[in-house]
Amino acid sequence: MTKPDTGDATGRLADELVRFFRLGPRAKGMLNTGEFGAEFSALMLLFPLRHLGPMRVTDLAEVKGADPSTVSRQTAQLVKAGLACRQADPADGRASRLAVTDAGRTACDRLHEVRQALLSQALSDWPAERVRAFADLFEEFNSSVEALLRSDPAVSVRENL
């Protein structure tokens, strides 16, 4: 069985991804993250910390696919803003782990609510079944990209948001 020619659709998808990434900075601006006292990219570190628990900066960098020095600078912002705190690492007293504070959990909740409201507004004219189908396809797409990146050790993912 031969695969259908998806060249045109793949090209359209590539164009739409470029368009989507171009819209990113404007969409991030709509989140009004200034109220939290840290850059957007630093705030995005709160989510894995909240869901995975306290971790070292190097482990957080690995989870985010980002450079440890960049994550170190970003986590300093979180600590300064009171959204995260440093704790002694129980496995190695010389090292520290970063943990989300109550203020950080509140920031996560607020960012999640605002992001959800913006997406709901953008998709308000879509029928519910199309939103579900799009979410399913987008999840499948992201999983395929992640699998590709994991399969090629030469590919280096860097935090761009």
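Just so you know, these numbers come straight off a predicted model, no measurement behind them. (Residues numbered from 1 in each chain as written. Predicted model: local features only at pLDDT ≥ 70, side-chain atom pairs only at ≥ 80, totals over all residues. Heavy atoms only, no water.)

(A) Examining the overall build of the protein more closely. Of regular secondary structure, the protein possesses seven helices and two strands. Along its sequence from the N terminus, the protein presents helices and strands in the succession α-α-α-α-α-β-β-α-α. Counting only residues that meet the buried cut, the protein has 25% of its 161 residues in that class. Pairs at least 24 apart in sequence give 54% of the contacts found in the protein among residues at least 6 apart. Surface summary for the protein: the accessible area is close to 11,300 Å², and the carbon and sulfur share equals 56%. (Helix = DSSP H or I, 4+ residues; strand = E, 2+ residues; numbered from the N terminus. Buried < 20%, exposed > 50% of the residue type's maximum accessible area, 1.4 Å probe, protein only. Contact = heavy atoms within 4.5 Å. Areas by Shrake-Rupley, 256 points an atom, 1.4 Å probe, with all protein chains shown as cover.)

(B) Fine view of the packing of aromatic side chains. Applying the stated rule across the entire model yields four aromatic pairs. When the centroid spacing of 5.7 Å and the interplanar angle of 20° are considered together, the rings of phenylalanine 134 and phenylalanine 138 count as stacked. In this pair, phenylalanine 134 and phenylalanine 138 are both assigned in helix α7 (residues 128-151), four residues apart and thus about one turn of the helix distant. Under the relative-accessibility criterion, phenylalanine 134 is labelled partly exposed at 42%. What links up through ring pairs into an aromatic cluster is the set Trp126, Phe134, Phe138 and Phe141. Cation over ring: arginine 115 sits above phenylalanine 47, and NZ or CZ is 5.2 Å from the ring centre. The ring of tryptophan 126 is capped by arginine 130, whose NZ or CZ atom sits 5.5 Å from the centre of that ring. (Phe/Tyr/Trp six-rings, centres within 6.5 Å; stacked < 30°, edge-to-face > 60°. Lys NZ or Arg CZ within 6 Å of the ring centre and 35° of its normal.)

(C) View of the packing of helix α4 (residues 57-64) against helix α5 (residues 68-80). Axis separation between α4 and α5 bottoms out at 9 Å; the angle between their running directions is 110°. When the interaxial angle is binned, α4 and α5 end up roughly perpendicular. Helix-helix and strand crossings are classified by hand; for α4 and α5 the assignment is right-handed. Between α4 and α5, the contacting residues are Val57, Leu60 and Ala61 on the first element and Pro68, Val71, Ser72 and Thr75 on the second. (Axes fitted to C-alpha atoms, helices over the stretch in contact; angles between N-to-C directions. Parallel < 35°, antiparallel > 145°, perpendicular 65-115°, else oblique. Left-handed = near helix turned anticlockwise from the far one by under 90°.)

(D) Spotlight on α5. The terminal C-alpha atoms of α5 lie 18 Å apart, and with 13 residues this matches the ideal 18 Å at 1.5 Å per residue to within 8%. For α5, every residue scored as buried is listed here: Val71, Gln74, Thr75, Gln77 and Leu78. The arc that holds the buried residues of α5, viewed along the axis, is 150°, so those residues lie on one side. Exposed and facing more than 90 degrees away from the buried side of α5 are Ser69 and Lys80. Among the residues trailing α5, glycine 82 stands out with phi positive, at a value near 80°. (Expected span 1.5 Å × (residues − 1). Arc of directions from axis to C-beta.)

(E) Local environment of the pairing of strand β1 (residues 84-89). Relative to strand β2 (residues 92-100), β1 runs antiparallel, the two being bridged by six bridges. In the strand pairing of β2, arginine 86 is matched with leucine 98. Linking β1 to β2, which pair antiparallel, is a turn of two residues. (Pairing = 2+ DSSP bridges.)

(F) Expanded view of a nonpolar patch on the surface. A grouping of Phe20, Phe21, Trp126, Phe134 and Phe138 is seen on the molecular surface, where their side chains present a nonpolar patch of about 540 Å² in accessible area. Among the secondary structure elements, those contributing two or more residues to the nonpolar patch are α1 (7-30) and α7. (Patch = residues over 30% accessible without salt bridge, like charges linked within 9 Å, V, L, I, M, F, W, Y side chains within 5 Å. Salt bridge = Lys/Arg side-chain N within 4 Å of Asp/Glu carboxyl O.)

(G) A look at the environment of alanine 42. Within the fold, alanine 42 resides in helix α2 (residues 40-43). Assessed through its relative accessible area of 0%, alanine 42 is described here as buried. Here the alpha-carbon distance between alanine 42 and threonine 70, two residues 28 residues apart in the chain, equals 9.3 Å. Every residue in contact with alanine 42, bar those within four places of it in the chain, is listed here: Gln74, Gln77 and Leu78.

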